[in-house]
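Below, each chain spelled out in residue letters.
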Amino acid sequence: MEREICNTLKFALSFRTPFHYIDRFLRASHVSSNSTLSCHCVAIESGMGHTTNDLLERFLYYFLDLSLLDYKLFVSNRPSLLTASSVYLSRSTLGISEGPIRDRSSAGKMFWSKTLEYYTSYDMKDLECTVKDLRMLHEEAEDNEFRNVYKKHTGPSQRGSIAHR
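Residues numbered from 1 in each chain as written. Predicted model: local features only at pLDDT ≥ 70, side-chain atom pairs only at ≥ 80, totals over all residues. Heavy atoms only, no water.

1. Points about the side chain of N77
Selection rule: Put simply, DSSP H or I for four residues or longer makes a helix, DSSP E for two residues or longer makes a strand, and each gets a number counted from the N terminus. The classification of residues rests on relative accessible area computed with a 1.4 Å probe and restricted to protein chains. Under 20% of the type maximum is buried, over 50% is exposed, and intermediate values are partly exposed. Only heavy atoms matter for contacts: two residues are in contact if any of them lie within 4.5 Å across the pair.
Locating N77 in the fold gives a position in the loop between α5 (71–76) and α6 (79–94). Overall, the relative accessible area of 19% leaves N77 in the buried class. If we skip the residues at most four places from it in the chain, N77 touches L82 and T130.

Structure (structure tokens):
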């Protein structure tokens, strides 16, 4: 009944989720990263056989799944901000940067490029709080009462790609 009323009035009821932004932000991340070789070598040496983009995408989905567990984090942030923060955290976890990291004080800026800033419309300052919240969720994931997200992304089908990073 409600559907018929909405269709008759030509209402388009939909909303954006963080998953709507994944492809665009991953493409921007791939374009802006020129140091994928080190991550690729780590993946091959550990026997996982994933490319950097595969690992980045797995981490991105993992962080977005974790964000679903925290109601305040998920509801109070824009979907695009959650995705952008997850991209940043994934890149920093894997060590994907624009160039060589010379010192720890500038390391954070190296993981977020001008290309990503342009395509996501977020700079480092915008991401800071959300990244910290996601990182805390990740640190508590293994011992959390809702540890199924952790198990899902570290299980045999994932071949441990997220475990202990």
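So, next bit.
2. Side note on the packing of aromatic side chains
As a reminder of what qualifies: Side-chain rings of Phe, Tyr and Trp, where Trp is taken by its six-membered ring, are said to pair if the distance between their centres is within 6.5 Å; with planes under 30 degrees apart they count as stacked, over 60 as edge-to-face, and otherwise as tilted.
Counted under the stated rule, the structure contains 7 aromatic pairs. What links up through ring pairs into an aromatic cluster is the set F59, Y62 and F63.

3. Some thoughts on the nonpolar core
Applicable threshold: In this text, buried Ala, Val, Leu, Ile, Met, Phe, Trp, Tyr and Cys residues form a nonpolar core when linked through side-chain atoms within 4.5 Å.
By size, the foremost hydrophobic cluster in this structure holds 31 residues, and its most contacted members are L66, W112 and L127. If you list the elements that add at least two residues to this core, you get α2 (22–32), α4 (52–67), α6 and α9 (124–140). Looking at this core, the element that brings in the most residues is α4, giving 8 residues. With residues near it in sequence (within four places) discarded, L66 still touches L137, H138, A141 and V149.

4. A look at the environment of E142
Along the chain, the position of E142 falls in the loop between α9 and α10 (148–154). Overall, E142 belongs to the partly exposed group, its relative accessible area being 40%. For the pair formed by E142 and T154, sequence separation is 12 residues and the distance between their alpha carbons is 10.0 Å.

5. Quick notes on the environment of N77
Counted only if it meets this: Here a polar contact means two N or O atoms within 3.5 Å. Within protein one must be a hydrogen donor candidate and the other an acceptor candidate, and residues neighboring in sequence count only if both atoms are side-chain atoms.
Distance from N77 to P18, taken between C-alpha atoms, is 9.9 Å for residues 59 residues apart in sequence. At 2.8 Å, the side chain of N77 forms a polar contact with the backbone oxygen of L73.

6. Here we look at a nonpolar patch on the surface
Which entries qualify depends on this criterion: Candidates for patches are residues over 30% relative accessible area with no salt bridge; among them, like charges are joined within 9 Å and nonpolar side chains (Val, Leu, Ile, Met, Phe, Trp, Tyr) within 5 Å. The protein chains shown are the only cover counted for residues, whose accessible areas, like all others here, come from Shrake-Rupley with a 1.4 Å probe. Basic side-chain nitrogens of Lys or Arg form a salt bridge, by our definition, when they fall within 4 Å of a carboxyl oxygen of Asp or Glu.
A cluster of nonpolar residues, M1, I5, L9, F11 and L13, forms a patch on the protein surface that exposes about 600 Å² of accessible area. With respect to the helices and strands, L9 occurs in the loop between α1 (2–8) and α2.

7. Some details on the pattern of salt bridges
Pairing is possible between side chains that carry opposite charge, provided their charged atoms lie close to one another. For the structure on display, the rule yields 2 salt bridges. Across the pair E128 and K132 runs a salt bridge whose closest N-O atoms are separated by 3.4 Å. Of the two residues, E128 and K132 both sit in helix α9, 4 residues apart, roughly one turn of that helix. K132 sits in the exposed class, given a relative accessible area of 53%.

8. What to know about unusual backbone geometry
Glycine aside, residues mostly have negative phi angles, and peptide bonds mostly take the trans form. Backbone geometry places K10, a non-glycine residue, at a positive phi of 60 degrees. Structurally, K10 can be placed in the loop between α1 and α2.

9. Things to note about the packing of α6 against α9
Convention followed: Note on geometry: axes are lines fitted to C-alpha atoms, helical ones only across the stretch in contact, with angles between N-to-C directions running from 0 to 180 degrees. Just so you know how the angles are binned, under 35 degrees is roughly parallel, over 145 roughly antiparallel, 65 to 115 roughly perpendicular, and the rest oblique. Residues are grouped as follows: Ala, Val, Leu, Ile, Met, Phe, Trp, Tyr, Cys and Pro are nonpolar; Asp, Glu, Lys and Arg are charged; all remaining types, including Gly, are polar.
Following both chains from N to C, one finds α6 and α9 inclined at 75 degrees, their axes separated by 9 Å at the closest point. Classified by the angle their axes make, α6 and α9 are roughly perpendicular. The segment α6 lies against α9, with L81, L82, A84, S85, S86, Y88 and L89 engaging M124, D126, L127, T130, V131, L134 and R135. Residues that form the contact of α6 with α9 fall into these classes: 9 nonpolar, 3 polar and 2 charged.

These figures capture arrangement, not role.
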